[in-house]
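Now for the letters of each chain:
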Amino acid sequence: MAEDWVPAGVDVSRPSAARVYDYFLGGAHNFAVDRQLAEQIEAMTPNIAETMRSNRVFLRRAVRFLVARGVRQFLDIGSGIPTAGNVHEIALEAAADSKIVYVDVDPVAVEHSRAILAGTPNTAVILADARDVERILAEAGKLLDFDEPVAVLLAGVVHFIPDADDPAATVKALRDAVPPGSWLLISHATADGQPAEVIEAQRLSGRTATEITLRPAAEIEAYFDGFELAEPGLVFIPLWRPDPQEPADEHPERVGAYAGVGKKK
């Protein structure tokens, strides 16, 4: 892939979490350094690509679930590089009046998102760190109406916020910014039920700018304080409202991540 579209100042010699994720999803917006790290991680955790794809499938199911419940505003924080079937495609197909704001800290992910969304109404892209809630809300407020319900999507992003930066405070700030009837979606990596090599894969993630912090179910569920979890609650990703035609996953813990969707009381 040509690199002349990469924004000035972006260091393509260091792997990017967004581009590694893009690689695992089968995307084309990654570089050799990203693929090298992805292959190292995959060598130790062969199901990692399955985990990434499972997370994206969950996000699609959840967006359809939310649109069916009247949600028309989506704030997708940590959106990464859009691939086929991203939030705006799912939401706009189900409800043409939907509004979608993507947020990511990676300039490459943001620039590519803007290129994809050029000419798509009711969409916007923000370059911001997930922890900079004030900036995110100010920018998102140019498109979204925070007096009406908003679905805040944190799919695979909270585990990139270290304990030292108090991820619970970030989630609380987002909760406090949206009105009752809004929704919160979280998927989060965990060591629960995982073999020792997952910890080594976590160590490798430290080579990107955003290291992963694995957290147990109780800690992840606490992020939903003030929200009522929709059935089936916080569960391993494959167990969250799977499509009826999908075969039952006998080992859902293999994805190494939980998912939940809750409504603000």
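Okay, so let's go over this structure.

The next thing to look at is unusual backbone geometry. The step from Glu-231 to Pro-232 runs through a cis peptide bond, and the omega angle for that step is 10°. Along the chain, the position of Pro-232 falls in the loop between β6 (227-229) and β7 (235-236). Phi angles above zero are rare outside glycine, and Arg-241 is one such case at about 45°.

Relative to the helices and strands, Gly-141 resides in the loop between α6 (133-140) and β4 (151-155). Sequence spacing of Gly-141 and Leu-229 is 88 residues, and the spatial spacing of their C-alpha atoms is 26 Å.

The next subject is the nonpolar core. Residues Val-63, Leu-66, Phe-74, Leu-153 and Val-261 are the most contacted members of the largest nonpolar core, which totals 31 residues. Looking at this core, the elements with two or more residues in it are α3 (48-68), α4 (87-94), β2 (99-104), α5 (107-117), β4, β5 (183-189) and β8 (257-264). Counting residues per element, this core draws most heavily on α3, at 7 residues. One finds Val-101, Ala-128, Leu-174 and Leu-234 within the second-largest nonpolar core, a separate group that totals 30 residues.

What follows covers the side chain of Asn-30. Tracing the chain through its elements places Asn-30 in the loop between α1 (17-24) and α2 (32-44). A polar contact is formed between the side chain of Asn-30 and the side chain of Arg-35, at a distance of 2.8 Å.

Criteria and cut-off values
- Each chain has its residues counted from 1, following the order in which its sequence is written.
- Restriction of local features to residues with pLDDT of at least 70 applies here, the model being predicted, together with a cutoff of 80 or more for giving and counting side-chain atom pairs; totals for whole chains, interfaces and linings are based on all residues.
- Water and hydrogen atoms were dropped before computing side-chain values, which therefore reflect all heavy atoms in the structure.
- Runs of E in the DSSP output that reach at least two residues are strands. Runs of H or I that reach at least four are helices, and both are numbered from the N terminus.
- Joining through side-chain atoms within 4.5 Å is the link that ties buried Ala, Val, Leu, Ile, Met, Phe, Trp, Tyr and Cys residues into a set, and such a set is a nonpolar core.
- To sort residues, take the accessible area from a 1.4 Å probe on protein chains only and compare it with the maximum for the residue type: under 20% means buried, over 50% means exposed, and anything in between is partly exposed.
- In protein, a polar contact requires one atom able to donate a hydrogen and another able to accept it; more generally it is a pair of N or O atoms within 3.5 Å, and residues adjacent in sequence count only if both atoms are side-chain atoms.

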